[in-house]
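Fold and contact review
Here is how the chains run, residue by residue.
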Amino acid sequence: MPLLEVKGLEKSFGGLKAITDLSFSVPEGQIFSIIGPNGAGKTTLFNLLTNIYKPTKGSIFFNKKDITKLPPFKIAALGISRTFQNLQVFMNMNVVENVMVGCHLRSKSGLFASAFRLPSVIAEEKRVRDMALEALEFCGLKDYSSQPASALPYGILKKLEIARALASKPRLLLMDEPAAGLNDTETMELCRLIEAIRDSGITVLLVEHNMGLVMEISQTVLVLNYGRLLAKGSPRDIQKNPEVIAAYLGEG
Amino acid sequence: MKRLLGFYIFSFITLVLPILFPDNYYVTVVGLTVLINISLAVSLNLLMGYAGQISLGHAAFFGLGAYSSAIFTIKYGFNPWTAIFFGLLIVFLLSYILSRPILKLKGHYLAMATLGLGIIVHIFFVQADEITGGPDGISGLPTLSIFGFPIDTDLKWYFIFAIFMLITVLLSLNIADSRAGRALSAVHGSEIAAQMMGIDTAKVKSHIFVFSALIACIAGSLFAHQQNFVSPESFSFFFSIELVTMVVLGGLGSTFGAVVGAFILSILPELLIVFEDFEVLIFGAILMTIMIFLPDGLFVAIKNKIAFLAFKRSQKEVANATS
Amino acid sequence: MDQLLQFFISGLTVGSIYALVALGFSIIYNASDVVNFAQGEFVMIGAMSAIFMLKAGIPYPLAIFLAILISATVGLCLEKFAIEPAKRATVVSTIIITIGASIFLRGAALLIWGKDIYGLPPFTDNTPIHIGRATMLPQNLWVMLGTAFLVIVVRYFFDKTRVGKAILACSYNKKAAYLVGINVKTMLLIAYGLSAALGAVAGVLIAPITFMTYGAGVMLGLKGFCAAILGGMGNSMGAVLGGLILGIVETVGAGFISSGYKDAIAFFVILLVLFFKPSGILGKGEVERV
């Protein structure tokens, strides 16, 4: 039973097709990677899955439910979270507050209750902070919790996005180039972190350029080229696939 | 206790001032303007500072509150409290209906839409003279009474305004440290990331727009009763800009920033009286200079500076301890 | 029918002015992504300077020329001293900076010229021309033809001249423009100067028809902004079209409803446009990138 199922997905910008007739499914519990040359449509695919872009055609099912037309916040509520290629950390908050926003779906005080700080709010506030600290600890960021996000280096912010996404307790986590801009040590740490996330029961959908990382931790690799599915299989199969090699060497 | 320490000190000062100086012009006359402007600036800051949504039409809701009180008490003979309730109802409906289409817009489009709304409401005050009394406005509002006690002196009004202002400040501080406040900050920081965290951004923006409008509306009703009359010029486009200036001057996103901004801008005309015609020029110059050189605002800039110094000192202590 | 024609003539006249203000708006917006709320003050400064130089005995054509020069200088100063130093500026802060500039310029005008209302004499003999039962003043023709001429000149400037193309390049991508050797700072200055000069011309053209005071720029500027949005923000021909449409709609609307609601009609139209088609008549939709 696949957790995520994509059927005949298409997206065109003006006349340009960014994704063409794409179908695949992601089984639960895997680290499932999507690779492809620059401009292959990987980030576009993520934006379609979370409905930040509206698909031109096709449909997307999550846990058997059609999510093609749902707004992003409802998709999030069903258990999909993501990180971004260009950081989207809330720079106007500190670290723990960022992650507390990630707990939005697991708490419920509204504007009115918050404004009057009803007793329920005070209790919930403490609970949410604990949940956030737990997510921070999982990502190794506990020491940074009271620092303002705007003062932190890039590598930490990347982890912060992961912690924030995890705080919503998703079933599926989309990660858009988490290793970009990280040094070797940081990349190694990231490998372990992604595996730990998978082991905690969260399915990971990964877009990444770092082939070493992808081949080491993925169960399935899907190759996109010019918005089309070029190949799909285990890391070992993909590395041997002549079409994939040709696409990467630029013979098209 | 610690979270609200600043608030307690501020409340103490606000409430003790008129007891110490009951006949001082700056307390009981200028003070009233200061208090009402603080309430308005704090309410606007909820929308502009917390949620990052600019509004150039906040004076419209202030005006609607004031005019509702005037019209329903004088023309239709309702009790002042009933009139305030009607005002709230009107502002609630109007702001709720308009909030979604308006807040779908961003940046200068949002600026234009809120500005347009403010101007239309103001033109209505000036033109619909059978209802609003036209450019002359409406005078002779009845005295407001609380549990049978009439509010009939400036000193009593000071306390009413002060309590209303302090409640506004407290609500604003509460929101800052809450799930709702973080959702607003998230919308401000990155709308897309906020949505991905499950925040219904359209709803969150709409709620804070309505909330902020309702506070302005009550402020308007109180203002109308205290002044005893309403006229369109108190609610023009320029007053909306002045409110924006207060929020920006103190520092967007900080409740006490809005308090400081409103305080400075409300007493400024009193201090500039000697300059008479220079007032407009100086006002414009302040607005520009602050935004160019201190885009975080006066209060926030000072606060950050203090935090930075404290941080450096703690770093030094760590260094000393380890060496 | 005659009444409609009369509205149409007045609408087209005031619409031409909106078009020039909107054109100035979009030049600055294109070059620097700034929505300049002080655009209306350029109009006021142009008109007031011309009025007072004429009073001082300077010949009319020279007074107009100097007025345009003064306004252009103010535009340059605005860029140099208010926009350029604001490095971290967000959309909201540039809006507030230009609002501040607009208040500042209004305050300066108040000090220099006082609160009185002034007018300019018409450019040429002002015997009304009759078209059916509608009438039209030669000054109306001056406004329309003057606007048409300027629109063509501006169009030519951006399409054909090196400097015009360089400004456009800055608007598409500042860094790339800089890398190919365009002096971005100078181009921005030129854009502000040009935009202010256009505003001044608008002021001089309209001052013989409506009157001028130190505060007259506010509404004109806001209407110009409306026109720019109506036409499609950043599209200069859209701005012109938006100005003309806005002028006609508000005059006709005011004629049939009540002249007191003239401004309300304009803003109501803009709210509708913003709610239903914020990209305007000729604008394109934008795609947000993540």
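Structural data are supplied above this passage.
The present account deals with the structure reproduced in this document. Throughout this document, residue positions are counted from 1 along each chain, in the order its sequence is written. Chains and ligands are labelled by the order in which they are written, letters from A for the one and numbers from 1 for the other. Totals for whole chains, interfaces and linings use all residues, but because this is a predicted model, local features are given only for residues with pLDDT of at least 70 and pairs of side-chain atoms are given and counted only at 80 or more. Side-chain measures were taken over the full set of non-hydrogen atoms in the model, leaving aside hydrogen atoms and water.

Structural notes on the sheet that holds strand β8 (residues 203-207) of chain A
Residues and elements named next belong to chain A. Strands pair, by our definition, only if DSSP identifies at least two bridges between them. Strands here are runs of E lasting at least two residues and helices are runs of H or I lasting at least four, both read from the DSSP assignment and numbered beginning at the N terminus. Strand order in this open sheet of six strands is β6-β7-β8-β3-β9-β10, and the pairing throughout is mixed. The open sheet has two edge strands, β6 (80-82) and β10 (228-233), and neither has a second partner. The mean angle between the axes of side-by-side strands here comes to 20°, regardless of whether they run parallel or antiparallel. What counts as an axis is a line fitted to C-alpha atoms, over the stretch in contact for a helix, and the angles between N-to-C directions run from 0 to 180 degrees.

Overview of helix α4 (residues 58-75) of chain B
Turn by turn, an α-helix covers 3.6 residues, leaving residues three or four places apart pointing in a common direction. Take the number of residues in a helix, subtract one, and multiply by 1.5 Å to get its expected span. The first and last C-alpha atoms of α4 of chain B sit 26 Å apart over 18 residues, in line with the 26 Å expected at 1.5 Å per residue. Once α4 of chain B ends, the next one or two residues include glycine 77 of chain B, with phi positive near 65°.

Considering the packing of aromatic side chains
Centres within 6.5 Å are what make two rings of Phe, Tyr or Trp a pair, Trp counting through its six-membered ring; a difference in plane orientation under 30 degrees is then read as stacked, over 60 as edge-to-face, and the rest as tilted. Enumeration over the complete set of coordinates arrives at 32 aromatic pairs over all chains. Both rings, one in phenylalanine 24 of chain A and one in phenylalanine 32 of chain A, keep their centres 5.7 Å apart while their planes meet at 20°; by these two values the pair is stacked. Both residues of the pair, phenylalanine 24 of chain A and phenylalanine 32 of chain A, count as buried. For the pair phenylalanine 124 of chain B and phenylalanine 125 of chain B, a centre-to-centre distance of 6.2 Å together with 55° between the ring planes defines the contact as tilted. The structure contains a cluster of three or more aromatic residues connected by ring pairs, namely Phe62, Tyr67, Phe124, Phe125, Phe223, Phe235 and Phe239 of chain B. Buried, partly exposed and exposed residues are distinguished by accessible area as a fraction of the type maximum, computed with a 1.4 Å probe on protein chains only: under 20%, between the cut-offs, and over 50%, respectively.

Comments concerning the pattern of salt bridges
Between Lys or Arg on one side and Asp or Glu on the other, a salt bridge is scored when a side-chain nitrogen of the former is within 4 Å of a carboxyl oxygen of the latter. Across all of its chains, the model carries 22 salt bridges over all chains by this definition. Across the pair arginine 192 of chain A and glutamate 216 of chain A runs a salt bridge, and its minimum N-O distance is 2.8 Å. Taken as a pair, arginine 192 of chain A in helix α7 (residues 184-199) and glutamate 216 of chain A in helix α8 (residues 211-217) lie far apart in primary sequence, 24 residues in all. Two residues, aspartate 159 of chain C and arginine 155 of chain C, come together in a salt bridge whose shortest N-O distance is 3.3 Å.

Examining helix α1 (residues 5-20) of chain B
Residue and element names in this part refer to chain B. With 16 residues, α1 extends 22 Å between its outermost C-alpha atoms, agreeing within 8% with the 22 Å of an ideal straight helix rising 1.5 Å per residue. Along α1, the positions that sit buried rather than exposed are Phe7, Phe10, Ser11, Thr14 and Pro18. Considered in projection along α1, the buried side chains sweep an arc of 100° and stay on one side of the axis. Of the exposed residues in α1, the ones pointing more than 90 degrees away from its buried face are Phe12, Ile19 and Leu20. Residue contacts are counted whenever heavy atoms from the two residues lie within 4.5 Å of one another. Close packing links the buried residues of α1 with α2 (25-28), α3 (30-50), α8 (154-176) and α13 (255-272). The directions from the helix axis to the C-beta atoms are what the arc is built from.

Note that all results are geometric; they support no functional claim without further evidence.
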